[in-house]
Amino acid sequence: MKRFRQYRKSQEIRDQYADVSVAVSDFIYPYFVVEGKGVKQEITSMPDVFRFSIDELLIDIEHLLSLGIDKILLFGVLDNKDKDERGSAGYTAGNIISAAVKSIKEHFPHIVVFTDVCLCEYTSHGHCGLLHDHDVDNDTTLPLLAEMAYRHAAAGADFVAPSAMMDGQVEAIKNRLTKENLNTKILAYSAKYASAFYGPFRDAAGSSPSFGDRKTYQMDFRTLNQGIEEIAADIEEGADWIMVKPAMAYLDMLYRASQQFPDHPLVAYQVSGEYSMLKNGAVQGFFDEERIFFESLTAIKRAGADYIISYYAKEFAKKHIKS
Ligand code: PBG
């Protein structure tokens, strides 16, 4: 008989035998940015997560930094009246994300800023690319994503993060950044699945497709090797960091990615639906919130993630500082 219980006798002993840990420095906190002043609007399906106007965002970031979190990911959220077929508001000189990045970098030069590069938040039809015959048109979308990435990068973003799942988007962006002499890095949403777990995000960002779904461009969750091929292609196109998304239902893909691409920092996105499940379950008293998010985040690290984009980052950091 092998005696395993000796490893579990007390908290100190369990701590000694732990193989995996989660640190505050592992986190990237997502922010939804809106136009206007004095806006701090809680998202109904995601308690404790807000849409901020830039002035309020700066106040929140100060708090975030005081918790030890120094990496953020920005999403633009637009009024419907500001959207059009081509998602123009996403890549004009005055786009909301470039304005946010400039302002953030002025106040907090050391924070690491990632920006989401996708058309769905800006198009009237809510799809991630230009439309042609009721489907997204891959190749005509690429220059627009490159333009958006260029604008964010020129404003001072440290990383641009293309999430539209258009083939060739990383290469198009890399070429554009190189041409402009910008050394902004690329975090590629490489293995991004067409997932029901994005439900609350689409409510938060107002980015639901007005017809159809995203299955013609985001990955089918029944595929296996395609996820690895998507990541390999992004690396070949110039991705600096890679991502698997969502996280908890895709730990196998995270593990595979961490084994196959050990030289590229691997990011897991614990998406809105994962957060809402845990948060709303905890609010209803079905489980202890601190334990459930700690266990979930640890599992994501154990599967091989180097960094986690999570709406739970702040709560993790608060508990971490206390304990
Ligand atoms: C697309 C984008 C989405 C998310 C991140 N980037 C939505 C989608 O692809 O439908 C989802 C993030 C989340 O659910 O937390 N710009």
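What counts and how
Residues numbered from 1 in each chain as written. Predicted model: local features only at pLDDT ≥ 70, side-chain atom pairs only at ≥ 80, totals over all residues. Heavy atoms only, no water. Helix = DSSP H or I, 4+ residues; strand = E, 2+ residues; numbered from the N terminus. Buried < 20%, exposed > 50% of the residue type's maximum accessible area, 1.4 Å probe, protein only. Pairing = 2+ DSSP bridges. Right-handed = clockwise from strand over helix to strand, strands pointing away. Near = heavy atom within 4 Å. Polar contact = N/O pair within 3.5 Å; in protein donor to acceptor, adjacent residues only side chain to side chain. Areas by Shrake-Rupley, 256 points an atom, 1.4 Å probe, with all protein chains shown as cover. 1 Å grid on protein atoms, 1.4 Å probe; cavity = no way out; pocket = protein on both sides within 12 Å on 5 of 7 lines; lining within 4 Å. Sits in = over half its atoms within 2 Å of the grid points. Nonpolar A, V, L, I, M, F, W, Y, C, P; charged D, E, K, R; others polar.

### Overview of unusual backbone geometry
Then step 1. Cis geometry marks the peptide bond from lysine 245 to proline 246; its omega dihedral reads -10°.
Then step 2. Non-glycine residue aspartate 133 carries a positive phi angle of around 50°.
Then step 3. Relative to the helices and strands, aspartate 133 is located in the loop between strand S6 (131–132) and strand S7 (135–136).
Then step 4. Looking at aspartate 133, the relative accessible area reads 70%, which means it is exposed.

### Section: the environment of isoleucine 111
Then step 1. Considering the arrangement of structural elements, one finds isoleucine 111 in the loop between helix H3 (96–107) and strand S5 (112–117).
Then step 2. Along the backbone, isoleucine 111 and aspartate 158 are 47 residues apart, and their C-alpha atoms lie at a distance of 9.0 Å.

### Here's the deal with the pairing of strand S10 (residues 241–245)
Then step 1. Burial of S10 is extensive: five of the five residues sit out of reach of the surface.
Then step 2. Examined bridge by bridge, strand S9 (residues 185–192) and S10 share four bridges and lie parallel to one another. Paired with lysine 192 across the bridge in S10 is lysine 245.
Then step 3. Bridge count between S10 and strand S11 (residues 266–270): three bridges; the pairing is parallel. Across the sheet, residue methionine 243 finds its bridge partner in S11, namely valine 267.
Then step 4. After leaving S10, the chain enters helix H8 (residues 251–260) and then returns to the sheet as S11, a path that is right-handed.

### So, the site of the ligand
Then step 1. Inspection of the region around the ligand gives 18 residues, with Arg202, Arg214, Lys245, Ser272 and Tyr311 positioned closest.
Then step 2. One of the side-chain nitrogen or oxygen atoms of glutamine 218 is found 2.8 Å away from an oxygen atom of the ligand.
Then step 3. Note that an oxygen atom of the ligand is positioned 2.7 Å from one of the side-chain N or O atoms of serine 272.
Then step 4. Burial of the ligand by the surrounding chains reaches 100%, relative to a free accessible area of 400 Å².
Then step 5. A molecule is said to occupy a pocket when more than half its atoms come within 2 Å of that pocket's grid points, and by this definition the ligand occupies the largest cavity.
Then step 6. The set of elements that each furnish at least two residues to the shell around the ligand consists of S9 and helix H6 (199–205).
Then step 7. Grouping the amino acids of the shell around the ligand by side-chain chemistry returns nine nonpolar, three polar and six charged.

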